[in-house]
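# Reading the structure
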Amino acid sequence: LEKDWTAVTIIEDLPYSNRIGQGIHHFHNYSNSYYGKVTLRTALGNSLNIPALHTINYVTPEKYLFILQNLGFKSLTQAADYYDEGLALGNGEVTLFELAQAYSTFANRGIFSPLKITFYRDAPSDKKRIYSDEVSSLIGNILSDPWARNLEFSRGSVLNLPTQTAVKTGTSNDYRDAW
């Protein structure tokens, strides 16, 4: 979104394969379904993997890793070529604390502020702007829109909460965990 894409930018969600190491990996969405041309809003709302791969290739894994590290993901210690495009799909192992800290940036209007466990309300913080206010607001809008996630998560999904709530699913390699 910071590189001129919008919520209605069209991204392909079609079968996708790429060389990984010595072989070819066939990527798929969690549901093993493909939806053709979808908007960025639909792709993000439904956590579609193929559009995520196209997006990280547009941004580049190097720039995406840089942003993640600025969001406090200290667990991501390898170079970008180690993770490559799979970084968009969870092949970089991170902690729940790091995820919560990064997502709090959207609630803080694009400003990253490291989470600290402290008894002092006015503890010093190293704040820095990561996203524009507009991009943060748009992402919050997409992630809290139950219609945007309707393809993968029906209206009866547990993600449809009684109050407007931004939600994002994620699953690591080999489905070891899902947060």
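These remarks concern the structure in this document. (Residues numbered from 1 in each chain as written. Predicted model: local features only at pLDDT ≥ 70, side-chain atom pairs only at ≥ 80, totals over all residues. Heavy atoms only, no water.)

## A few points about the packing of aromatic side chains
- Summed over all chains, the structure comprises 5 aromatic pairs.
- Aromatic pair Phe106 and Tyr131: ring centres 5.1 Å apart, planes at 20°, arrangement stacked. On the criterion of sequence distance, the pair formed by Phe106 in helix H5 (residues 96-107) and Tyr131 in the loop between strand E6 (128-129) and helix H6 (133-143) is long-range, its members being 25 residues apart.
- Classification of Phe106 as buried rests on a relative accessible area of 19%.
- Clustering of aromatic rings is evident, with ring pairs tying together Tyr103, Phe106 and Tyr131.
- Positioned above the aromatic ring of Tyr58, the side-chain terminus of Lys3 is 4.8 Å from the ring centre. (Phe/Tyr/Trp six-rings, centres within 6.5 Å; stacked < 30°, edge-to-face > 60°. Helix = DSSP H or I, 4+ residues; strand = E, 2+ residues; numbered from the N terminus. Buried < 20%, exposed > 50% of the residue type's maximum accessible area, 1.4 Å probe, protein only. Lys NZ or Arg CZ within 6 Å of the ring centre and 35° of its normal.)

## A look at the nonpolar core
- In terms of nonpolar packing, the biggest core is built from 17 residues, with Leu65, Leu68, Leu71, Phe73, Leu76, Leu87 and Tyr131 touching the most fellow members.
- Listed by contribution, the elements that provide at least two residues to this core are helix H3 (61-70), helix H4 (80-83), H5 and H6.
- Residue contributions to this core peak at 3 residues, all from H6.
- Those residues in contact with Leu65, other than ones at most four positions away along the chain, are Leu76, Gln78, Ala79, Ala80, Tyr83 and Leu87. (Core = buried A, V, L, I, M, F, W, Y, C linked by side-chain atoms within 4.5 Å. Contact = heavy atoms within 4.5 Å.)

## A few points about the side chain of Thr9
- Note on placement: Thr9 falls in the segment before strand E1 (10-13).
- A polar contact is formed between the side chain of Thr9 and the backbone nitrogen of Thr6, at a distance of 2.8 Å.
- Not counting residues up to four positions away in its chain, the partners in contact with Thr9 are Val38, Thr39 and Leu40. (Polar contact = N/O pair within 3.5 Å; in protein donor to acceptor, adjacent residues only side chain to side chain.)

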